[in-house]
Amino acid sequence: LPIQTVRFSADGKAVLSSDPGGIKIWDVNTNKLRAHIKANYGSISADQKTVLLARGKHTIAVFSASDGKSLGTMSPKDAKPLANNDGEDDQGDVITSAGQRWVVGLGPFLFDAAVKKEVKRWVHEPIPVDYAFTPDEKTLITTDRKGTLIVWDLPGVTERHVVPKGGVVLALSSDNRTAVLAQDDGTNVLFDLTAATTIARLNGLSAAVGKVDFSPDAKSLVIGSSDGTLSF
């Protein structure tokens, strides 16, 4: 099966690999398989401490990234209990914030992982299709099918800014202030999350932007273009 993701666990003693059959946890010193968590989809948390699986439509199962042991589940407030063989397909990737305080999964549900409870669900169209958390876990940015970008304050999940045609987040700075957005017309911009204003447009690139990353001090960008060019 093709490998989809490879990451070290947070303690550096295990390697996590994901493929269509689920998540495998390998011992770094012995190269032996510690655990195999079977699923159609599996997501490794941003802090590399847990593995999260969306089981059916109603449950996110949480496992330790070091040994695959179960750490509990999260479900929407009105979810029905999950049977062992209920025949429902797993519901895709689970998105986590940097410290895994916040989890998005099972469609448009936001959970507080610390207490394993639902804190927000989006029920009215257009529903967000893209989610990104700032490194300090105090801001959530969503984009819906119409391209509307909304900046949310956490933990209250209250709207800070609504930006029509704002775009999708490609990268967030370490100081939690700036985002690189990809807009529908192919434009890429630097966006101030506090003031909700465009700082600059990323012009003069040789091809479409593929990957973007901020430097640790949040003062520089590296951009990988679709033609293989790196821009600093």
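Please refer to the structure placed before this passage.
Note that this is a predicted model, so its numbers are computed, not measured.

(A) Expanded view of the sheet that holds strand β3 (residues 22-27). Spatial strand order, β1-β2-β3-β4: four strands in an open sheet with antiparallel pairing. Every other strand in the sheet has two partners, leaving β1 (5-8) and β4 (33-38) as the edge strands with one partner each. Strand-to-strand twist in this sheet, taken as the mean axis angle between neighbours without regard to direction, amounts to 15°. Across five bridges, β3 lies against β4 in antiparallel orientation. Residue pairing across strands places W26 opposite L33, the latter belonging to β4.

(B) The side chain of T178, seen in detail. Inspection of the secondary structure assignment puts T178 in strand β18 (residues 178-182). Overall, T178 belongs to the buried group, its relative accessible area being 16%. With near-sequence residues (within four places) excluded, T178 lies in contact with A171, L172, S173, L190, F191, L193, I199 and F214.

(C) Here's a closer look at the pattern of salt bridges. Within the structure shown, the criterion is met by six salt bridges. For K24, the salt bridge goes to D19, with nearest N and O atoms at 2.9 Å. Judged by relative accessible area, which is 5%, D19 ranks as buried. A salt bridge links D112 to R101, with the shortest nitrogen-to-oxygen separation between them at 3.0 Å. Taken as a pair, D112 in strand β11 (residues 109-112) and R101 in the loop between β9 (95-96) and β10 (102-105) lie far apart in primary sequence, eleven residues in all. For R101, a relative accessible area of 32% corresponds to the partly exposed category.

(D) Here's a closer look at the side chain of N176. The residue N176 is located in the loop between β17 (168-172) and β18 in this model. Apart from the residues within four sequence positions on either side, N176 is in contact with T134, P135, D136 and L193.

(E) Summary view of the environment of V123. Within the fold, V123 resides in the loop between β12 (117-121) and β13 (128-133). In this structure the C-alpha to C-alpha distance between V123 and P108, which are 15 residues apart in sequence, comes to 7.6 Å.

(F) Seen up close, the pairing of strand β19 (residues 188-192). The buried fraction of β19 amounts to five of the five residues, a majority that puts the element mostly inside the structure. Here β19 shows a buried face lined by N188, L190 and D192 and a second buried face lined by V189 and F191. Bridge analysis of β18 against β19 gives five bridges, and the strand direction is antiparallel. Considered in β19, the bridge of A182 is made with N188. Of the strand pairs in this sheet, β19 and strand β20 (residues 197-201) are connected by four bridges, and their pairing is antiparallel. Bridge pairing links D192 to T197 in β20. Hairpin remark: β19 followed by β20, antiparallel, with four residues in the connecting loop; positive phi at A196, about 60°.

Cut-offs used in this document
Residues numbered from 1 in each chain as written. Predicted model: local features only at pLDDT ≥ 70, side-chain atom pairs only at ≥ 80, totals over all residues. Heavy atoms only, no water. Pairing = 2+ DSSP bridges. Helix = DSSP H or I, 4+ residues; strand = E, 2+ residues; numbered from the N terminus. Axes fitted to C-alpha atoms, helices over the stretch in contact; angles between N-to-C directions. Buried < 20%, exposed > 50% of the residue type's maximum accessible area, 1.4 Å probe, protein only. Contact = heavy atoms within 4.5 Å. Salt bridge = Lys/Arg side-chain N within 4 Å of Asp/Glu carboxyl O.

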